Amino acid sequence: MTDAPHVPVLLRPLIAALAPIEGVWLDGTFGAGGYTRALLDAGADRVFAVDRDPSTFRMAQAWAVQYGDRLQMREGRFSQLDQLAGESLDGVVLDLGVSSMQIDQAERGFSFQKDGPLDMRMGNTGPSAADIVNEAEEAHLARILFLYGEERQSRRIARAIVAARPVTTTLQLAEIVARCLPRQKPGQSNPATRSFQALRIAVNEEYDELYEGLAAAERALKPGGLLGVVTFHSVEDRMVKRFMQLRAGATGNANRFAPEVEGPPPAFELVGRKAAGPDDEELAANPRARSARLRVARRTDAPAGRADPAALGMPILNKGEKRR
């Protein structure tokens with residue numbers, strides 16, 4: 001896979017945790033195709049490759065032909081993966097967040113280290129980061145930065161952004177954020193990291209996508225089917241962890257003296273007690289993998305249900321704030 005412009009993270013532990021791989025699978029975050037190719041090479045009969053970014057499929061044409069009809073590419077959001085597949089699945093994999101190839105393309109507007117238009121859209125539709133930065137009310141902008149980026153100086157940054165409008169490029173925004181925060185020390189992340197993360201999540205509705213995607217995977221998976229999810233920051237990992245625990249039957253009752261309440265039959269069984277992370281070999285080859293975590297669960301034969309977003313710890317904007 002050395003010809004791919006993106007290094008798939010936690011690929012070896014993912015394939016090991018999902019083995020034996022056979023039947024029909026869906027890769028909900030196709031990107032450069034690293035997971036899809038690994039699933040096909042490991043024995044999947046067919047793989048549905050889903051991505052909202054049409055450019056990923058154009059880049060895949062050079063190698064996709066070798067798999068013939070075993071590879072089925074579908075443009076769309078993984079929140080609709082059950083509809084995009086149109087059939088029951090033996091496995092679903094999700095590699096969350098933005099891909100390195102998107103970050104490395106300055107014209108996509110994801111990077112605070114390369115100058116480009118302030119876009120950040122994973123697909124080609126909907127409002128861009130520039131639209132939010134230049135049109136949102138100051139209080140709403142501050143809440144996005146705080147809720148989605150955990151930025152403690154969100155109000156100061158939002159005030160500075162509003163004062164500097166119009167803000168149209170990535171480096172312009174990064175400089176505005178940097179002026180609001182203490183000078184970066186050696187070894188610290190760039191001051192704009194949290195703000196750029198927050199805007200990217202808001203633009204692409206990533207938490208809504210994750211919540212709906214997990215529910216869609218539950219609907220699509222056959223009994224015994226596997227769900228593998230790779231996350232890159234604590235909020236994503238918390239949502240996936242709690243989803244798998246709750247749908248595996250954990251009640252979350254903190255009162256040990258209260259009588260047990262029998263709930264619906266569990267829709268999943270946990271595979272492994274803890275999340276898997278990168279080993280030293282992977283970290284040396286790909287430092288971007290340092291925060292990655294893999295969680296896996298196996299579908300039971302119980303009817304599909306629905307988890308409460310609040311129970312997953314999903315960050316939710318105040319009523320009336322959410323963009324549609």
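Because the structure is predicted, anything quoted here is derived from the model rather than measured. (Residues numbered from 1 in each chain as written. Predicted model: local features only at pLDDT ≥ 70, side-chain atom pairs only at ≥ 80, totals over all residues. Heavy atoms only, no water.)

### Details of helix H2 (residues 34-42)
For clarity, the cut-off: Exposure is judged per residue with a 1.4 Å probe applied to protein chains only, and the accessible area is read against the type maximum: over 50% gives exposed, under 20% gives buried, and values in between give partly exposed. Going along the chain from the N terminus, every DSSP run of H or I of four or more residues is numbered as a helix, and every run of E of two or more is numbered as a strand.
Judged by how many residues are buried, H2 sits mostly within the fold: seven of nine residues are covered. For H2, the set of buried residues is Gly34, Tyr35, Thr36, Arg37, Ala38, Leu39 and Leu40. Just downstream of H2, Gly43 is the residue with a positive phi angle, here 125 degrees.

### Description of the sheet that holds strand S4 (residues 89-95)
Quick reminder of the rule: Any two strands with at least two DSSP-identified bridges between them are counted as paired. Note on geometry: axes are C-alpha line fits, over the in-contact stretch for helices, and angles between N-to-C directions span 0 to 180 degrees. Two residues qualify as a contact provided that any one of their heavy atoms is within 4.5 Å of a heavy atom in the partner residue.
Spatially, the seven strands line up as an open sheet ordered S3-S2-S1-S4-S5-S7-S6, and their pairing is mixed. The sheet terminates laterally at strand S3 (71-75) and strand S6 (268-276), the two strands that pair on one side only. Shown here is a sheet whose adjacent strand axes are inclined to one another by a mean of 15 degrees, direction ignored. Pairing between strand S2 (residues 46-51) and S3: five bridges, direction parallel. Each bridged residue has a counterpart across the sheet, and for Val50 the counterpart in S3 is Arg74. Sheet contacts for helix H1 (residues 11-18): strand S1 (24-27), S4, strand S5 (221-231) and strand S7 (293-299); angle to S7, the most-contacted strand, approximately 15 degrees. Taken strand by strand, H2 contacts S1, S2, S3, S4 and S5, and its axis lies near 175 degrees from that of S2.

### Here we look at the environment of Asp90
The residue Asp90 is located in strand S4 in this model. Each C-alpha atom, one on Asp90 and one on Ala32, is 22 Å from the other, the two residues being 58 residues apart in sequence. Setting aside anything within four residues of it in sequence, one finds Asp90 in contact with Glu22, Gly23, Val24, Trp25, Leu221, Lys222, Gly225 and Leu226.

### A closer look at the side chain of His233
Relative to the assigned elements, His233 resides in the loop between S5 and helix H12 (234-247). Classification of His233 by relative accessible area gives buried; the value is 17%. The contacts of His233, once residues within four sequence positions are left out, are Gln197, Ile201 and Tyr207.

Interpretation note: all reported values are geometric properties and have no functional meaning in isolation.
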